[in-house]
Amino acid sequence: MAAMASLARRRAGDVFRPEAVRRAAVFCRGFAAAAADENDVVVIGGGPGGYVAAIKAAQMGLKTTCIEKRGTLGGTCLNVGCIPSKALLHSSHMYHEAKHAFPSHGVKFSQLEIDLPAMMAQKDKAVSGLTRGIEGLFKKNKVTYVKGFGKFVSPSEVSVDTLEGGNTVVKGKNIIIATGSDVKSLPGVTIDEKKIVSSTGALALPEVPKKLVVIGAGYIGLEMGSVWGRLGSEVTVVEFAPDIVPSMDGEVRKQFQRMLEKQKMKFMLKTKVVGVDTSGDGVKLTLEPAAGGEQSILEADVVLVSAGRVPYTAGLGLETIGVQTDKAGRIEVDKHFMTNVSGVYAIGDVIPGPMLAHKAEEDGVTCVEFIAGKEGHVDYDMVPGVVYTHPEVASVGKTEEQVKALGVSYRVGKFPFMANSRAKAIDDADGLVKILAEKETDKILGVHIMAPNAGELIHEAVLALQYGASSEDIARTCHAHPTMSEAVKEAAMATYDKPIHI
Ligand SMILES: Cc1cc2nc3c(=O)[nH]c(=O)nc-3n(C[C@H](O)[C@H](O)[C@H](O)COP(=O)(O)OP(=O)(O)OC[C@H]3O[C@@H](n4cnc5c(N)ncnc54)[C@H](O)[C@@H]3O)c2cc1C
Ligand SMILES: NC(=O)c1ccc[n+]([C@@H]2O[C@H](COP(=O)([O-])OP(=O)(O)OC[C@H]3O[C@@H](n4cnc5c(N)ncnc54)[C@H](O)[C@@H]3O)[C@@H](O)[C@H]2O)c1
């Protein structure tokens, strides 16, 4: 208590920061009145936003409880998202490489086959190991873990129907909603997780479908389409918009689509699904041009619905305590992640911003820092995005279209992996690095990379943007040879001057 009171005094004495003082005061008031069973922080949801917030709060000395209904920690990301999808992307890539790339590297064998149950078992092992790891971190940091469904009964009390069958009320001075998101359903397309699947079903198909139709050419559609395409499915992606991954830099996106088409993925753009018939063995989809027109039929064994995700707040009792949401159902928060109800916060997929695990984690840490009366900051413009196909596509900052729309004078520097020695050495040279920098100052505005390991390469660019670096800063930084990272340096050289190797 003394520590918190002095924190409030220090904040108040530092500079006059009414918001920080108010938050610290709210916190200290609660702290002074704390009953033995009351938490400083209660987190509803144990995904990347929630479990990271809980650990951070406990590390800051706050009495913390995390409530999770799933029975395992890690949320969508760890259980049915990032981790299982990356496990399958890796396994299917190994199979694809063995089939198509090994021979040219002089590696030959007489028989190659897919053992799908073993592939799924490897994925499940990765998931269960990691979820147990988070339980271990909870124990280490003394976070109380309550397994059950949480529901607000007041702004400081959550009633939990526990997985064991009982009910308990968890009290907290500060409550963080981190309940994540769920698949967006499409009218008339009922997900049965057998013939019509969400990403969850697509991560556990019992056999390789002959024909897979994917609705939505976003992150999930292209990643899961790649998995099953590599394993032998004929994949057709139906996309409402004129382009795949509409948020991507246009030039990079065009090259990316060509790469995926080379891998035999088919695209039907500007097309909508208007009907689904599952009465026969497979599925018959009725399609129509997005602008209206003649209908056509597309047959599939399995259909993946990946047309986006929506915030998940069902049964949470937001209306009981009066938490405001926007038209899309996202919880509205201020810059300190506080909702319109004092002491109730929200983070991650359930609030506006990119629906990404690392963004949810940043929200979680920053929200807890605010609760403890400290300052924090998350800049959504600096959140990298990665599509984990092969090659991967990673980006941070603005696309060329966004820079143009801003009316800023800019320079573009590009470098293809065809001219990168490491990429040539490993015979995996499709892709490029593209850097956009402000003409007058050379400050980097955006970086876009398509490369086998773009998801790793992008972090040099994230750091550069975060520190307001110029393209010359990157270009004059020594990069080890032979690495794919040298392409980032060469693209930076091309931005402010000239590259050497092309
Ligand atoms: C197939 C797929 C692949 C993905 N791949 C990536 C990727 O590679 N990289 C990336 O950055 N992002 C990826 N994402 C997105 C990522 O999973 C989410 O952005 C991230 O999980 C959001 O974290 P969160 O903590 O906000 O919510 P979630 O992870 O959704 O966690 C919320 C948790 O709250 C629990 N919960 C909900 N309501 C209650 C309640 N009332 N009481 C108790 N518990 C409750 C839920 O059971 C859930 O476990 C992927 C998503 C999918 C579907
Ligand atoms: N690698 C990663 O970081 C990763 C991987 C998977 C998922 N995610 C996250 O999960 C979220 C959900 O993924 P997602 O792929 O479902 O959504 P998304 O928003 O990435 O893509 C959805 C796509 O579906 C299209 N679409 C919408 N309605 C449609 C319709 N009726 N018919 C045809 N197309 C339609 C959209 O135009 C869009 O291109 C993403 O926003 C992303 O943040 C991230």
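Residues numbered from 1 in each chain as written. Chains lettered and ligands numbered in written order. Predicted model: local features only at pLDDT ≥ 70, side-chain atom pairs only at ≥ 80, totals over all residues. Heavy atoms only, no water.

> An account of helix 9 (residues 250–262) is requested, with residue identities and associated values reported.
If you check helix 9, its first and last C-alpha atoms are 18 Å apart, about what 13 residues at 1.5 Å a residue would give, namely 18 Å. Regarding helix 9, the residues found buried are Gly250, Val252, Arg253, Phe256, Gln257, Met259 and Leu260. (Helix = DSSP H or I, 4+ residues; strand = E, 2+ residues; numbered from the N terminus. Expected span 1.5 Å × (residues − 1). Buried < 20%, exposed > 50% of the residue type's maximum accessible area, 1.4 Å probe, protein only.)

> Residue-level account of the site of ligand 1, with values.
Taken together, 39 residues lie around ligand 1, and Gly49, Glu68, Thr76, Lys86 and Ala357 are the ones closest in. Take Gly150: an N or O atom from its main chain is 2.9 Å from a nitrogen atom of ligand 1. For ligand 1, an oxygen atom lies 3.2 Å from a polar atom in the side chain of His358. Alone, ligand 1 offers 1000 Å² of accessible surface; in the complex the protein occludes 95% of this. Secondary structure elements with two or more residues in the shell around ligand 1: helix 3 (48–59), strand 2 (64–68), helix 4 (75–80), helix 5 (82–100), strand 3 (144–154) and helix 11 (357–371). With four residues, helix 4 is the single largest residue contributor to the shell around ligand 1. Of the residues that constitute the shell around ligand 1, the class distribution is 16 nonpolar, 17 polar and six charged. (Near = heavy atom within 4 Å. Polar contact = N/O pair within 3.5 Å; in protein donor to acceptor, adjacent residues only side chain to side chain. Areas by Shrake-Rupley, 256 points an atom, 1.4 Å probe, with all protein chains shown as cover. Nonpolar A, V, L, I, M, F, W, Y, C, P; charged D, E, K, R; others polar.)

> Pulling in residues and values, what's your account of the nonpolar core?
In this structure, Phe138, Phe152, Ile176 and Ile177 are the most contacted members of the largest nonpolar core, which totals 50 residues. In terms of residue count, the dominant contributor to this core is helix 3 (seven residues). Setting aside chain neighbours within four positions, we find Ile176 in contact with Val41, Val42, Val43, Ile44, Ala53, Tyr345, Ile347, Cys367, Val368 and Ile371. With 35 residues, the next largest nonpolar core counts Tyr95, Leu205, Leu212 and Val245 among its residues. (Core = buried A, V, L, I, M, F, W, Y, C linked by side-chain atoms within 4.5 Å. Contact = heavy atoms within 4.5 Å.)

> Summarise the UniProt feature "binding site: FAD" (unreviewed entry) in the protein; cite the residues concerned and give the values.
On the UniProt side, "binding site: FAD" (unreviewed entry) is annotated at positions that read Lys86, Gly150, Thr179, Gly180, Ser181, Asp349, Met355, Leu356, Ala357 and His358 here. In three dimensions, the annotated residues from a span of 273 residues occupy distinct locations, with a maximal C-alpha spread of 29.9 Å. With respect to the element layout, Lys86 can be found in helix 5. When sequence neighbours within four positions are dropped, the list of residues in contact with Lys86 reads Glu223 and Tyr388. Here Thr179 lies in the loop between strand 5 (167–177) and strand 6 (181–183). For Thr179, a relative accessible area of 19% gives the class buried. Among residues more than four places away in sequence, those in contact with Thr179 are Ile44, Tyr312, Thr313, Leu316 and Val350. (UniProt positions renumbered as here; feature names shortened; annotations may be inferred.)

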